[in-house]
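# Chains, contacts and geometry: an overview
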Amino acid sequence: MSDPLNIHRVGIGTDLHRTQAGRALILGGVTIDSPFGLAGHSDADVVLHAVIDALLGAAAQPDIGELFPDTDPQWMDADSRRLLAPVLARIGACGLRVVNVDITIHAERPKLSPHKERIRGSVAELLGLSVDRVGLKAKTGEGVDAVGRGEAIGCTAVAGLTFDVATTA
Ligand code: MG
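Residues numbered from 1 in each chain as written. Predicted model: local features only at pLDDT ≥ 70, side-chain atom pairs only at ≥ 80, totals over all residues. Heavy atoms only, no water.

### Quick look at the overall build of the protein chain
For the protein chain, the helix and strand inventory stands at 5 helices and 7 strands. Going from N to C terminus, the protein chain has its helices and strands arranged as β-β-β-β-α-α-α-β-α-β-β-α. Computed over the C-alpha atoms, the radius of gyration of the protein chain is 16 Å, within 12% of the 15 Å expected from 2.2 N^0.38 for a compact globule of 169 residues. Expressed as a percentage of the 169 residues in the protein chain, the buried residues total 45%. In the protein chain, once contacts between residues fewer than 6 apart in sequence are set aside, the share between residues at least 24 apart is 72%. Each charge class in the protein chain can be summarised by its mean position, and for the 16 positive and 21 negative side chains these summaries are 4 Å apart. (Helix = DSSP H or I, 4+ residues; strand = E, 2+ residues; numbered from the N terminus. Rg over C-alpha atoms; globule rule 2.2 N^0.38 Å. Buried < 20%, exposed > 50% of the residue type's maximum accessible area, 1.4 Å probe, protein only. Contact = heavy atoms within 4.5 Å. Lys, Arg positive; Asp, Glu negative; His and termini not counted. Charge placed at Lys NZ, Arg CZ, Asp CG, Glu CD.)

### Some thoughts on the coordination of the magnesium ion
Protein coordination of the magnesium ion is provided by Asp15 (OD), His17 (NE2) and His49 (ND1), with donor distances spanning 2.1 to 2.2 Å. Between the donor residues of the magnesium ion, the gaps in sequence give the motif D-x1-H-x31-H. With a gap of 32 residues between them, His17 in strand β1 (residues 8–21) and His49 in helix α1 (residues 46–58) connect regions that are remote in the sequence. Across the pair, exposure class does not vary: His17 and His49 are buried alike. (Donors = N, O, S within 2.8 Å, 3.2 Å for Na, K, Ca; no water.)

### Brief notes about the packing of α1 against helix α4 (residues 116–127)
As a packed pair, α1 and α4 sit with axes 12 Å apart at the nearest point and diverge in direction by 40°. Judged on the interaxial angle alone, α4 and α1 are oblique. Pair α1 / α4 crosses with right-handed handedness. Of α4, the residues touching α1 (which contributes Val47, Leu48, Val51 and Leu55) are Val123, Leu126 and Leu127. Partitioning the contact of α1 with α4 into residue classes produces 7 nonpolar, no polar and no charged. (Axes fitted to C-alpha atoms, helices over the stretch in contact; angles between N-to-C directions. Parallel < 35°, antiparallel > 145°, perpendicular 65-115°, else oblique. Left-handed = near helix turned anticlockwise from the far one by under 90°. Nonpolar A, V, L, I, M, F, W, Y, C, P; charged D, E, K, R; others polar.)

### A few points about α4
Compared with an ideal rise of 1.5 Å per residue, which puts 12 residues at 16 Å, α4 spans 17 Å between its outermost C-alpha atoms and is within 8% of the ideal. Buried residues of α4: Ile119, Arg120, Ser122, Val123, Ala124 and Leu127, and no others. Structurally, α4 contributes buried residues whose contacts are with β2 (25–27), β3 (30–32), α1, α3 (81–93), β5 (96–106) and β6 (134–139). Taken from the residues just after α4, Gly128 is the one with a positive phi, measuring 70°. (Expected span 1.5 Å × (residues − 1).)

### Describing α3
Within the span of α3, buried status applies to Leu83, Leu84, Val87 and Ile91. Seen along its axis, α3 keeps its buried residues to an arc of 105°; they face one direction. Exposed residues on α3 whose side chains face more than 90 degrees from its buried face are Ala85 and Ala93. As for α3, its buried residues are in contact with α1, α2 (64–67), β5, α4 and β7 (152–163). Just downstream of α3, Gly95 is the residue with a positive phi angle, here 85°. (Arc of directions from axis to C-beta.)

### A closer look at the nonpolar core
Nonpolar side chains in soluble globular proteins tend to end up buried together. Leu27, Leu55, Val101, Ile103 and Ile105 are the most contacted members of the largest nonpolar core, which totals 46 residues. Here this core gets 10 residues from one element, more than from any other, and that element is α1. (Core = buried A, V, L, I, M, F, W, Y, C linked by side-chain atoms within 4.5 Å.)

### Notes on the side chain of Thr162
Take Thr162: it is sitting in strand β7. On the basis of relative accessible area, Thr162 is assigned to the buried category, the value being 9%. Of note is the side chain of Thr162, whose polar atom sits 3.2 Å from the backbone oxygen of Ile7. Residues contacting Thr162, with those up to four places away along its chain left out, are Ile7, His8, Gly95, Leu96, Arg97 and Val99. (Polar contact = N/O pair within 3.5 Å; in protein donor to acceptor, adjacent residues only side chain to side chain.)

### Focus: a nonpolar patch on the surface
Taken together, the side chains of Val10, Ile12 and Val158 define a hydrophobic patch exposed on the protein surface, amounting to about 280 Å² of accessible area. Looking at the element boundaries, Val10 is found in strand β1. A relative accessible area of 65% places Val10 in the exposed class. (Patch = residues over 30% accessible without salt bridge, like charges linked within 9 Å, V, L, I, M, F, W, Y side chains within 5 Å. Areas by Shrake-Rupley, 256 points an atom, 1.4 Å probe, with all protein chains shown as cover. Salt bridge = Lys/Arg side-chain N within 4 Å of Asp/Glu carboxyl O.)

This is how it looks when you write it as structure tokens:
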């Protein structure tokens, strides 16, 4: 990659799932103690879904819905952690590797502060990053929108990627 301006890439991903009683609440690969979970075809892990779209976006690759369609029965109730390896392989094939991710979870409840470090550690491990490269915030919806009314949990993620030195040389 000879273009000196084509060294770093940034991607953004967002996701939102409805809350649903009787489902497990899984955020960033971590099961959170909660009276409700999130509805979805897969395990509805909004954090990993947003992170994956951020990674794919930074590499200008197809989005998570194109790569893992919810019409495909193999992704029914799928553990979203399984999606990370093929996504990272795709990014690697583009000559890119992940530098950092920054994540904001939008949830009125449950209170996420007791779980943030576990979620950070899980995302870091899944991406092969040290935890100091994973930012994590939790925000409420101030009671005003679907998140605020507790009807949904959302996530926004940004990923920074860089071309491998061997590729950029
Ligand atoms: Mg999703």
